[in-house]
Amino acid sequence: MWNPQIEAFTERFRVLRYDSRGHGRSDAPPGACSLDRLGRDAVELLDALGLGKVNFLGRSEGCMVGS
């Protein structure tokens, strides 16, 4: 859903897009997944990539994960 905006975003930012658990092509481990866990997933991804300060953009669930 972000495809129409990507060109404009990449003019000014380095863009990282990822699928959260159970979305897109990402696996969903068995059992419930909390919003807290999704937030930790995002932080762990940024840490693994060595990214410190970032701008985070999301919609619906992604907005809650980034806040």
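Residue numbering note: each chain is counted from 1, following its sequence as written. Local features in a predicted model are, by the rule used here, given only for residues with pLDDT of at least 70; side-chain atom pairs are given and counted only at 80 or more, and totals for whole chains, interfaces and linings are based on all residues. Calculation of side-chain values draws on the structure's entire complement of heavy atoms; hydrogens and water are dropped beforehand.

*Asks:* Would you mind going over the overall build of the protein with me for this structure?
*Replies:* For the purposes of this entry, the term helix denotes a DSSP run of H or I that reaches at least four residues, the term strand denotes a run of E that reaches at least two, and both are numbered from the N terminus. When helices and strands are counted, the protein shows three helices and zero strands. Along the protein, from the amino end to the carboxyl end, the secondary structure elements read α-α-α. Taking all 67 residues of the protein together, 12% fall into the buried category. The contacts in the protein between residues at least 6 apart in sequence include a share of 47% that link residues at least 24 apart. Taken as a whole, the protein presents about 5,600 Å² of accessible surface, with 51% of it coming from carbon and sulfur. When accessible area is computed with a 1.4 Å probe and restricted to protein chains, residues below 20% of their type maximum are described as buried, those above 50% as exposed, and intermediate ones as partly exposed. Only heavy atoms matter for contacts: two residues are in contact if any of them lie within 4.5 Å across the pair. In short, Shrake-Rupley with a 1.4 Å probe defines the accessible areas, and a residue's cover is counted only from the protein chains shown.

*Asks:* In this structure, what is going on with the pattern of salt bridges? I would like to understand it.
*Replies:* Where charged atoms from two side chains of opposite charge come close, those side chains can pair. We define a salt bridge as a side-chain nitrogen of Lys or Arg found within 4 Å of a carboxyl oxygen belonging to Asp or Glu. This model, assessed by the stated rule, comprises four salt bridges. Put simply, Arg21 and Asp41 hold a salt bridge, and the shortest N to O gap is 2.4 Å. With a gap of 20 residues between them, Arg21 in the loop between helix 1 (3-12) and helix 2 (35-48) and Asp41 in helix 2 connect regions that are remote in the sequence. According to the relative accessible area criterion, Asp41 is buried, its value standing at 18%. Asp41 is the partner of Arg37 in a salt bridge, and the nearest nitrogen-oxygen pair spans 2.9 Å. On the criterion of helical spacing, the pair formed by Arg37 and Asp41 is a turn pair, its members being four residues apart in helix 2. The pair formed by Arg37 and Asp41 is uniform in burial state, with each residue classed as buried. Residues joined in a network through salt bridges with shared partners are Arg21, Arg37, Asp41 and Glu44.

*Asks:* In this structure, what is going on with the confidence of the model for the protein? I would like to understand it.
*Replies:* Fine structural detail should not be taken from predicted coordinates in areas where pLDDT scores are low. For every residue, the predictor states its confidence as a pLDDT score lying anywhere from 0 to 100. With 100% of its residues at a pLDDT of at least 70, the protein reaches an overall mean of 87. Mean pLDDT in the protein bottoms out at helix 3 (residues 61-66), which sits at 82, and peaks at helix 1, which reaches 93.

*Asks:* Would you take a moment to explain the packing of aromatic side chains for this structure?
*Replies:* Aromatic ring pairs: the centre-centre distance and the angle between the two ring planes describe each pair. Note on ring pairs: Phe, Tyr and Trp rings are taken, using the six-membered ring of Trp, and paired if centres are within 6.5 Å. Classes follow the plane angle, with under 30 degrees stacked, over 60 edge-to-face and the rest tilted. If you walk through the whole model with that rule in mind, you get one aromatic pair. Measuring from centroid to centroid gives 6.2 Å for Trp2 and Phe9, while their planes differ by 45°, and the two rings are tilted. Judged by relative accessible area, which is 28%, Trp2 ranks as partly exposed. Phe9 sits in the partly exposed class, given a relative accessible area of 26%.

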